[in-house]
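Now for the letters of each chain:
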Amino acid sequence: MMYEFEMIGDIVGKARPRMNTRTGRAYTPTNTKLYEYSLRQWFIREYPYFKPIETRVKVNIIAYFDIPKSTSKKKEAEMLAGNISPTKKPDIDNIIKIVLDAMNKFAFKDDTQVVELNVKKQYAETPKIYIKIEEY
């Protein structure tokens, strides 16, 4: 069993839980919740009759970042060729966290099933995230 899809849009990393000073309770920032929800919706759109994988899982993630507007044509070509990679936020570990949390109970029963992970940040003309989840 394998699930593979892309979600177009800027990349968002998992944000730290925030603390409500009035109630003393921790909460997940809205931006994080919305991105996880969007990832699930793109997944469900692609696989409306999905069944969570129950065995061990291998995950591939490629985060495609937008090329900055002020970039020269020469540097832009190098970025698109993969010679220059994005070294900006969000951090790669936060990209992993938001994807795995979003796919929890959808593509797989629990993120503890993930035994192999391959993640890459690169530039592209359109910002998007590519996710491939497969039984391993």
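First, a word on what this report is: a plain description of the structure on this page. (Residues numbered from 1 in each chain as written. Predicted model: local features only at pLDDT ≥ 70, side-chain atom pairs only at ≥ 80, totals over all residues. Heavy atoms only, no water.)

## A word on unusual backbone geometry
Part 1: Residue Lys89 is joined to Pro90 through a cis peptide bond whose omega torsion reads 5°.
Part 2: Turning to its location among the elements, Pro90 is positioned in the loop between helix H2 (73-81) and helix H3 (92-103).
Part 3: The backbone of Lys105 shows a phi angle near 70°, a positive value even though the residue is not glycine.
Part 4: The residue Lys105 is located in the loop between H3 and strand E5 (114-124) in this model. (Helix = DSSP H or I, 4+ residues; strand = E, 2+ residues; numbered from the N terminus.)

## Some thoughts on the nonpolar core
Part 1: One finds Tyr35, Leu39, Val99, Met103, Phe108, Ile129 and Ile133 to be the most contacted residues of the largest nonpolar core, which totals 32 residues.
Part 2: Within the residue set of this core, elements represented by two or more residues are strand E1 (2-8), helix H1 (30-46), strand E4 (57-66), H3, E5 and strand E6 (128-135).
Part 3: Residues in contact with Ile129, not counting those within four places in the same chain, are Phe5, Glu6, Met7, Ile11, Tyr35, Leu39, Ile61, Ile62, Ala63, Ile95 and Val99. (Core = buried A, V, L, I, M, F, W, Y, C linked by side-chain atoms within 4.5 Å. Buried < 20%, exposed > 50% of the residue type's maximum accessible area, 1.4 Å probe, protein only. Contact = heavy atoms within 4.5 Å.)

## A few points about the side chain of Asn94
Part 1: Mapping Asn94 onto the fold places it in helix H3.
Part 2: Sequence-distant contacts of Asn94, that is, excluding residues within four places in its chain, are made with Gly13 and Lys14.

## Points about the sheet that holds E1
By definition, the strands of a sheet pair up through backbone hydrogen bonds, in either a parallel or an antiparallel sense.
Part 1: Reading across from one edge, E1-E6-E4-E5 is the order of the 4 strands in this open sheet, with mixed pairing throughout. Two strands close off the open sheet at either side, each with one partner strand: E1 and E5. Recorded for the sheet is a direction-independent mean angle of 10° between the axes of neighbouring strands.
Part 2: One ladder, built from 8 bridges, connects E4 with E6; its direction is antiparallel. Within the sheet, the bridge partner assigned to Ile61 lies in E6 and is Ile131.
Part 3: With respect to the sheet, H3 is in contact with E1, E4, E5 and E6, its orientation differing from that of E5 by roughly 120°. (Pairing = 2+ DSSP bridges. Axes fitted to C-alpha atoms, helices over the stretch in contact; angles between N-to-C directions.)

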